[in-house]
Each structure stands twice: as structure tokens, then as C-alpha cells.
Amino acid sequence: MSLTESSANDIARTASLASRGLATLSEADRNGALATLHDAMLRNKSFILEANARDVEIASQAAEKGNLSHSVLKRLDLSRPGKYDDMLQGILSVRDLQDPIGQVTLRTLLDDDLVLERVSCPIGVLLIIFEARPEVIANIAALSIKSGNAAILKGGKESTETFVAISQVISNAIVGTGVPRSSVQLVKTRDVVSSLLAQDSLIDLVIPRGSNDLVRFVKDNTKIPVLGHADGLCSAYIHSDADPLIAAKVIVDSKTDYPAACNSLETLLVHEDALETVFPHVAEALFSKGVCLRCDIPAKAALTKILPTAPSHLLQNAVDSDYHTEFLDLILAVKTITSTHSGSSLVDNAVAHVNSHSSKHTDIILTSSKEIADIFMKGVDSAGVFWNASTRFADGMRYGFGTEVGISTNKIHTRGPVGLDGLTIYKYLVRGNGHRACDYSEGGKRWKHESLPL
């Protein structure tokens, strides 16, 4: 890993060259490099956390002055219980996954001694731009090495001290492995980003991880394909037949487990017949966790009637913008789903609201009916759609993908939590014995096109 201030073209070019060497490295060599990386991060835990503490101290002062959001501060802190250990385990989880390179997904006999194969291969060079997420350095280093991709990383100013410390540890760790030194490069200067975004002939994929402004800036300023999401506007719909206990458990976890996460719940849709039955149980559970509910008129009226002692400071009136807002805090927008004159069912109306307001990240339904759940799950156009399960399950580790490079709301190449498979593409290999295409012209030889076992 080289900490470099070189020109963007030099950075991208050396990464491209390194990616070719990394792509041919054996699985044993790549796994060995990951084991070395893990051990180095473990040995240097105190060194890295001391650097992180300096970043957190500066960020805390900025947050107190209102210059930095508390959600960013939470993402920055590696000392939060379990966070550093999760980062270490993520490296081992990636190491232990099946090799994503060289997997044959199609084999066809075109003719005798002429075989076509579709084989997985690395994408090439990844540019990852992130804000206040220092663990991303270790995550991406592990994922890129395992998947055979070179990576260029640019961290946010909030994590500078941690960024430098981790980069030093990783650099020292991989120098003794078979991984090319320029396979993972870090850049510190902010002005190099625009130049890197212009290297579309050398960089194959950009992955921004951070604020909405960052993602939109990247998408607006590059011709390189971008993998990411600008918002995490996750919604839950409570149908009239939802089990109150299940609904309360799932929604409280979705909202309060980690409010600053992109898979945290932001909008709650309630079937009109559930306003005085299921919804009050859910609201009580949310109030007990300090969640502020911004309700439309019917939802607030129902809670005022059923829960007259509800804390007034946690029960507020919603405005239209609340249903487009990623709060990343203990705030939840609540909207009643009512029948319409169009004849659409209420679940259809819930689906319509989600599709017109959500960011296509993760949305859930609470219902006892498989038929209703199927309508919702087929109709909602999001990367993740769950039935009676928390939005917080939208995560690479929880999906069994190992650590993730990010969440994609794209509808091409890969979608949802992006692990190893999302960092591969494929190539077609043809093996013949002097075969010529002209021999198969009209009236010539006939194709066999027979599927062969993988």
C-alpha cells in the first residue's frame, strides 16, 4: 500500500498494472496476504485506536459547534463496542469465502472440440471515496485482494489520523506477501479526487461511501460507472393483520439498533385499520427508546386517543418533507395508508408510496398474510424487501457475503450489499482446435450449442 501524492494518471496507471498481477495471483497467496493483514491489524490495535481517538476528539468538538453531524461522529469512532473486532473478523470472513475468481458459470459445446465458457474475473481498478468510515480501509483492502482487484482509496478529512495509521500497518503487512505493492493505494489530498474521476480509461468502477452530497458529486463528475446509493430512505408498512408483538420488535430494531446507519428505518406506513390496534403497541415501544414520531393527522389522532399519556415532545406533526428525509437519528416519519377511489388495495397504495418516496435501499412489511407479503415484496422496487424482519439485516456480513464494500441501489451489475461477487465481472473463453467462423456460414457446418456440466 503506497501513500502517494503522485499525479492522478500515475496513480491510476500503476494501479492498473498492479491489477493484472493481482488477478493472476493464486488463491493461496491471496488468502495468505489476508491472514498477514489480519494479524498486523490485531497487533497494532492500540496504535490505530490512539490515532482514531485523536480524530474523534477533533470531530467531537466540531459536532458540539454544529459543524459536523453526530451520525458522522458515530461512524468515525472505532472504539465503539465490537466495531474494531468486527473489522478484524471481516478480514477473516473474506479470506474464508469461496474464491470468486475463475468460477465457471456457463459451459457450452459449440461444436466438437470447440467449447465456450463464461468465467468470473476481477473488475480491474476500484476507486473508493469515503467519509468518516476508517474501517473501510481494512474492508476494501481485504475485498480487493481476495477478488483480485486493485484499489485506490481516498478518505475524508475527519479520519485523517486513523487513515494514516491503518495505511502504515497495511503497507508494512503486505510488503512481504505476493500482493503487488500498488494493488492498494491511498491518496490524502482532496484536489486529486476530480483528476481521479477523469481517469475513465484506467479506473473501472467508483464506489463512494458517505454523505448524499458526496455520492451526487461523484455521479455528476465522472464517466466511470458508479456503484452506490445517495440515501437510505428505508420504509416499513404495517398491514392490518400484523402481529403487534412482532411488529414492535422488528420496527424498534430497525429504528434504534443503529439510527445512523443507512439501513435504519426512516418512514413508517400504517394501514388505516391498524391505527388503533397494532400501531399503539409499536408507538409505545418506540417511545420507550426515545424515538420521536412525526405523524400525519390520522396517526397522531389515534395515538392521542389510545395513548393519552404519550410524551408530547415525542409526538409531533409531520410535514411533507419528512417522508423524503433520511433522519439518521431517533426520528421516524409516520403516514397512514388509506383506501382510494381508484379501487387499489391498501397494500398496493403502500407499495406506490414506497416506490415514489424510497431510495430503493431496503423496505419491509409487517403482516401475517403470505399473500399480502408477496404482493408487497414483488411490487416494491428496492434492493432489499423483507417480510417480518428488520431493515438492519441489509448488510453484507449478515447476508453471509463477508464484509461489504457498500450498498448498491443500482439496477445493473450488482444490487444490495456488495461483497466479493459484486466485485467480479466475467469473460467468455473459447477453446478450439483450428476452428473457423466462416465454416459455419449458410450451408456450412451446424452448431451444436449443447449445455455442458459446470
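Quick caveat: nothing in here was measured; it's all calculated off a predicted structure. (Residues numbered from 1 in each chain as written. Predicted model: local features only at pLDDT ≥ 70, side-chain atom pairs only at ≥ 80, totals over all residues. Heavy atoms only, no water.)

## What about the packing of aromatic side chains?
In the structure shown here, the tally under the stated rule is five aromatic pairs. A ring pair is formed by Tyr 426 and Tyr 428, whose centres lie 5.7 Å apart and whose planes are at 80 degrees; its orientation type is edge-to-face. When its relative accessible area of 48% is taken as the criterion, Tyr 428 is described as partly exposed. Residues Tyr 440 and Trp 447 carry aromatic rings whose centres are separated by 4.1 Å and whose planes lie at 10 degrees to one another, so their mutual orientation is stacked. Accessibility expressed as a relative area gives 11% for Tyr 440, which makes it buried. A cation over a ring is seen here: Arg 118 above Tyr 426, with NZ or CZ 5.6 Å from the ring centre. (Phe/Tyr/Trp six-rings, centres within 6.5 Å; stacked < 30°, edge-to-face > 60°. Buried < 20%, exposed > 50% of the residue type's maximum accessible area, 1.4 Å probe, protein only. Lys NZ or Arg CZ within 6 Å of the ring centre and 35° of its normal.)

## Side note on the pattern of salt bridges
The full count for this structure, using the stated rule, is 20 salt bridges. Here Glu 135 and Lys 83 are joined by a salt bridge, their closest N and O atoms 3.9 Å apart. Of the two residues, Glu 135 sits in helix H6 (residues 135-147) while Lys 83 sits in helix H5 (residues 83-96), which places them 52 residues apart along the sequence. In this structure Lys 83 comes out as buried when scored by relative accessible area, which is 12%. A salt bridge links Asp 96 to Arg 95, with the nearest nitrogen and oxygen atoms 2.9 Å apart. Judged by its relative accessible area of 53%, Asp 96 is exposed. Taken together, the salt bridges that share partners define one network made up of Lys 360, Asp 381, Lys 411 and Arg 415. (Salt bridge = Lys/Arg side-chain N within 4 Å of Asp/Glu carboxyl O. Helix = DSSP H or I, 4+ residues; strand = E, 2+ residues; numbered from the N terminus.)

## Section: the environment of Val 169
By the element assignment, Val 169 lies in helix H7 (residues 160-174). Residue Val 169 is classed as buried on the basis of its relative accessible area of 5%. Filtering out sequence-adjacent residues up to four positions away, Val 169 remains in contact with Ala 40, Met 41, Asn 44, Phe 47 and Ile 48. (Contact = heavy atoms within 4.5 Å.)

## Some thoughts on the packing of helix H2 (residues 27-43) against H5
Between H2 and H5, whose axes approach to 9 Å, the crossing angle comes to 170 degrees. Between H2 and H5, the interaxial angle falls into the category roughly antiparallel. Like other packed secondary-structure pairs, H2 and H5 cross with a definite hand, here left-handed. For the pair H2 and H5, the contacting residues are Asn 31, Leu 34, Ala 35, Leu 37, His 38, Met 41 and Leu 42 in the first and Tyr 84, Met 87, Leu 88, Ile 91, Leu 92, Val 94 and Arg 95 in the second. Across the contact of H2 with H5, the residue classes break down as eleven nonpolar, two polar and one charged. (Axes fitted to C-alpha atoms, helices over the stretch in contact; angles between N-to-C directions. Parallel < 35°, antiparallel > 145°, perpendicular 65-115°, else oblique. Left-handed = near helix turned anticlockwise from the far one by under 90°. Nonpolar A, V, L, I, M, F, W, Y, C, P; charged D, E, K, R; others polar.)

## A short note on the sheet that holds strand E18 (residues 450-451)
With respect to topology, four strands assemble into an open sheet ordered E17-E3-E2-E18, the strand pairing being antiparallel. Either end of the sheet is taken by a strand with one partner, and the two such strands are strand E17 (424-431) and E18. (Pairing = 2+ DSSP bridges.)

## Regarding the sheet that holds strand E13 (residues 362-366)
The strand order E11-E10-E12-E9-E8-E13-E14 describes an open sheet built from seven strands, whose pairing is parallel. Of all strands in the sheet, those bounded by a partner on one side alone are strand E11 (315-317) and strand E14 (384-387). Sheet twist, expressed as the average angle between the axes of neighbouring strands with direction ignored, equals 25 degrees. In this structure, E13 lies alongside E14, joined through four bridges in parallel fashion. Within E14, the residue paired with Asp 363 across the bridge is Val 385.

## Focus: the domain arrangement of the protein
Per the domain assignment, the segments of the protein are domain 1 (2-99 + 122-227) and domain 2 (234-398). Once you take the C-alpha centre of each, domain 1 and domain 2 turn out to be 35 Å apart. Where domain 1 abuts domain 2, roughly 580 Å² becomes buried across the two surfaces, and 51% of that area is made up of carbon and sulfur atoms. Contact with domain 2 buries area across many residues of domain 1, yet Ser 71, Lys 74 and Arg 75 alone supply 58% of it, more than any other trio. Here domain 1 is connected to domain 2 by zero salt bridges. Put simply, domain 1 and domain 2 have one residue pair in polar contact (both at pLDDT 80 or more) between them. Element by element, the count of residues in the side of domain 1 that touches domain 2 is highest for helix H4 (residues 70-76), at three residues. When the residues that make up the side of domain 1 that touches domain 2 are grouped by side-chain class, the tally is no nonpolar, four polar and three charged. (Domains from an automatic or database assignment. Buried area = accessible area lost by both parts, 1.4 Å probe. Polar contact = N/O pair within 3.5 Å; in protein donor to acceptor, adjacent residues only side chain to side chain.)

## Examining H7
Since the α-helix packs 3.6 residues into each turn, any two residues three or four apart lie on the same face. Its 15 residues give H7 an end-to-end C-alpha distance of 21 Å, which sits within 8% of 21 Å, the value for a rise of 1.5 Å per residue. Those residues of H7 not exposed but buried are Thr 162, Phe 163, Ala 165, Ile 166, Ser 167, Val 169, Ile 170, Ser 171, Ala 173 and Ile 174. (Expected span 1.5 Å × (residues − 1).)

## A word on a nonpolar patch on the surface
Together, Phe 393, Tyr 399 and Phe 401 make up a nonpolar patch on the protein surface, roughly 280 Å² of accessible area in all. Looking at Phe 401, the relative accessible area reads 35%, which means it is partly exposed. (Patch = residues over 30% accessible without salt bridge, like charges linked within 9 Å, V, L, I, M, F, W, Y side chains within 5 Å. Areas by Shrake-Rupley, 256 points an atom, 1.4 Å probe, with all protein chains shown as cover.)

## Observations concerning the pairing of strand E2 (residues 104-111)
Here six bridges tie E2 to strand E3 (residues 114-122), and the two strands are oriented antiparallel to one another. What sits directly across from Leu 109, in E3, is Val 115. Counting the residues between successive antiparallel strands, the hairpin from E2 to E3 contains two residues, one of them, Asp 113, with a positive phi of roughly 65 degrees. Strand direction decides the pairing type here: E2 and E18, joined by two bridges, are antiparallel. Directly across from Leu 109, in E18, lies its bridge partner Glu 450.

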